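Descriptive analysis of the structure
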Amino acid sequence: MQTVAVIDYGMGNLHSVAKALEHVGAGRVLITSDASVIREADRVVFPGVGAIRDCMAEIRRLGFDSLVREVSQDRPFLGICVGMQALLDTSEENGGVDCIGLFPGQVKFFGKDLHEDGEHLKVPHMGWNEVQQKVDHPLWHSIPDLARFYFVHSYYIAAGNPRQVVGGGHYGVDFAAALAEGSRFAVQFHPEKSHTHGLQLLENFVAWDGRW
């Protein structure tokens, strides 16, 4: 039976992610902060919610920045929400925060005065929104283009490498909703809260061999 490690650094909706993974037949799902357990897992999930400065402080304190670089190289790895943002170079939040740097680019604030077509858009961006599939990736299997996923974020990803953007979103500005490179895949939305399409993405992750 395969093992999926959900990294616990004190910041994330861990139990709902774990339950969703179990629901799609992930096998043995472990919520863990034990580096040895994470290293031995067949797949790794890196969730996150809250302020990026607090998240990065805990990630660095635990040595998970180097651990994430290590384990995401050779097995299926999924970053979710702030777990995705933490994989970028830097974030504007809290006056500027250095992140892990697995994907080039910056995490930017939507702004307090976000408008489109004369309409004021509330920040955080919260609710259902379409994701445009930029490329044919195994994690999009059986998910229609422009399927709607559930988002909760005040900061968005301006990707440094357009070729890594496998899913795009729009909320006043265009942003990267999904990034991928090798065995790494990361999403701004919450698949565990996105009903049918989110569960399909998690099922695809469980079946994925990490090649792309």
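The structure contained in this document is the topic of the report that follows.

What counts and what doesn't
Numbers given to residues run from 1 along each chain, matching the order in which its sequence is written. In keeping with the model being predicted, local features are shown solely for residues with a pLDDT of at least 70 and side-chain atom pairs are shown and tallied solely at 80 or more, while totals for entire chains, interfaces and linings include all residues. Side-chain calculation: all heavy atoms of the structure are included, whereas hydrogens and water are not. In this analysis, strands are considered paired if DSSP registers two or more bridges between them. Secondary structure elements follow DSSP: runs of H or I of four or more residues count as helices, runs of E of two or more count as strands, with numbering from the N terminus. A fitted line through C-alpha atoms represents every axis, and for helices the fit uses only the stretch in contact; the resulting angles, taken between N-to-C directions, go from 0 to 180 degrees. A contact between two residues is defined here by any heavy atoms of the two lying within 4.5 Å. Two cysteine sulfur atoms form a disulfide, by the criterion used here, when they sit within 2.5 Å.

1. Some details on the sheet that holds strand β14 (residues 173–181)
Working definition: the strands of a sheet are paired by backbone hydrogen bonds and lie parallel or antiparallel to each other. Here we have nine strands laid out as an open sheet, ordered β2-β1-β3-β4-β15-β14-β13-β10-β11, and mixed in their pairing. Both outer strands of the open sheet, β2 (28–32) and β11 (147–153), are each paired with one neighbouring strand and no more. Averaged over all adjacent pairs, the angle separating strand axes in this sheet is 25°, with direction ignored. Relative to β14, strand β13 (residues 165–171) is paired through six bridges, and the arrangement is antiparallel. Within the sheet, the bridge partner assigned to G167 lies in β14 and is A178. Set on the sheet, helix α6 (residues 195–207) makes contact with β3 (43–46), β4 (77–80), β10 (125–133), β11 and β15 (184–187); between it and β3 the angle comes to about 140°.

2. Looking at the pairing of strand β7 (residues 105–109)
Where strand β5 (residues 90–91) and β7 come together, two bridges link them in parallel fashion. Its bridge partner lying in β7, S91 is registered against V107. Of the strand pairs in this sheet, β7 and strand β12 (residues 155–159) are connected by five bridges, and their pairing is antiparallel. Within β12, the residue paired with Q106 across the bridge is A158.

3. With respect to the state of the cysteines
Counted by the stated rule, this structure contains zero disulfides. Among the cysteines around C55, which has no disulfide bond, C81 carries the closest sulfur, lying 9.1 Å off.

4. A short note on the environment of N161
As for its placement among the helices and strands, N161 is situated in the loop between β12 and β13. In sequence terms N161 and P104 are 57 residues apart; their C-alpha atoms lie 6.4 Å from each other.

The analysis is restricted to geometry; functional conclusions fall outside its scope.
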